[in-house]
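Close look at the chain arrangement
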Amino acid sequence: PLFFSIFIFSKQIVHFINRSDYVLLRQCAFLILVIPIYESFLALFRGFKHFGKTLKVEATLNIINLISAIFLVIILKMGIYGVLYAKIISILVGIVLSVYFYKSIKFINKKIDYDEIKKYVYNGIPTSLFSRLRGQSFTVLLGLYILNAPLGLFYIAQKMVQYSVG
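Residues numbered from 1 in each chain as written. Predicted model: local features only at pLDDT ≥ 70, side-chain atom pairs only at ≥ 80, totals over all residues. Heavy atoms only, no water.

**What about the overall build of the protein chain?**
For the protein chain, the helix and strand inventory stands at 7 helices and 0 strands. For the protein chain, the succession of helices and strands along the chain, N to C, is α-α-α-α-α-α-α. Here the protein chain, with 166 residues, has 35% of them falling under the buried criterion. Here the contacts in the protein chain between residues at least 6 apart in sequence split such that 68% fall between residues at least 24 apart. (Helix = DSSP H or I, 4+ residues; strand = E, 2+ residues; numbered from the N terminus. Buried < 20%, exposed > 50% of the residue type's maximum accessible area, 1.4 Å probe, protein only. Contact = heavy atoms within 4.5 Å.)

**Considerations on the packing of helix 4 (residues 51-75) against helix 5 (residues 80-102)**
Remark: helix 4 packs on helix 5, axes separated minimally by 8 Å, with the N-to-C direction vectors making an angle of 155°. Classed by the angle they form, the pair helix 4 and helix 5 counts as roughly antiparallel. In this structure, helix 4 crosses over helix 5, and the sense of that crossing is right-handed. Among the residues forming the contact of helix 4 with helix 5, the class breakdown is 14 nonpolar, 7 polar and 3 charged. (Axes fitted to C-alpha atoms, helices over the stretch in contact; angles between N-to-C directions. Parallel < 35°, antiparallel > 145°, perpendicular 65-115°, else oblique. Left-handed = near helix turned anticlockwise from the far one by under 90°. Nonpolar A, V, L, I, M, F, W, Y, C, P; charged D, E, K, R; others polar.)

**Here's the deal with unusual backbone geometry**
With a phi close to 55°, Lys-77 is a non-glycine residue in the positive phi region. Relative to the elements of secondary structure, Lys-77 occurs in the loop between helix 4 and helix 5. Residue Lys-77 is classed as exposed on the basis of its relative accessible area of 68%.

**Some details on the packing of aromatic side chains**
Under the definition given, this model contains 2 aromatic pairs. Pairing Phe-41 with Tyr-102 gives two aromatic rings, centres 6.0 Å apart and planes at 70°, and the pair type is edge-to-face. Note that Phe-41 is positioned in helix 3 (residues 22-47) and Tyr-102 in helix 5, a separation of 61 residues in sequence. Measuring from ring centre to ring centre gives 5.6 Å for Tyr-100 and Phe-101, while their planes differ by 55°; the resulting arrangement is tilted. (Phe/Tyr/Trp six-rings, centres within 6.5 Å; stacked < 30°, edge-to-face > 60°.)

**Let's talk about the environment of Leu-24**
Position of Leu-24 among the secondary structure elements: in helix 3. C-alpha separation for the pair Leu-24 and Tyr-81, spaced 57 residues apart in sequence, amounts to 7.0 Å.

**Focus on the environment of Tyr-81**
Structurally, Tyr-81 can be placed in helix 5. The spacing of Tyr-81 and Leu-151 is 70 residues in sequence and 9.9 Å in space, taken between C-alpha atoms.

Shown next as structure tokens:
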């Protein structure tokens, strides 16, 4: 519902806040669809204690995000759109890589504890989703007030610091 609301009413939202453009907002709304899929795969890997697979997917996602952001922002001079496309590309690659790793998981016939699943669905997935969206919301909010090119360069610098520290 959130995706469709933002997608359908993007012109009205942008007109209301009198900043940015509706194309950027619609493309940001696409992340609302793909991030939960990605987060679900990571949760599955963590649940089966396949932390190596989680680490490989996260590392690949971060590297592709940074390289594609540098390419799209600096070389193609796409500004904030380059940042957004880099994020979408990296999340989609993360999903593809997750599907590849998912095929190698061996399932054992065990009794399923549905109460644990309910707890995770009600707490874990929303928390993880909002954590990801919170990280992107700062960039989107800056995009309302800063020109596209400087914002793209800020994002690249921010990611380089984040990856070097974390």
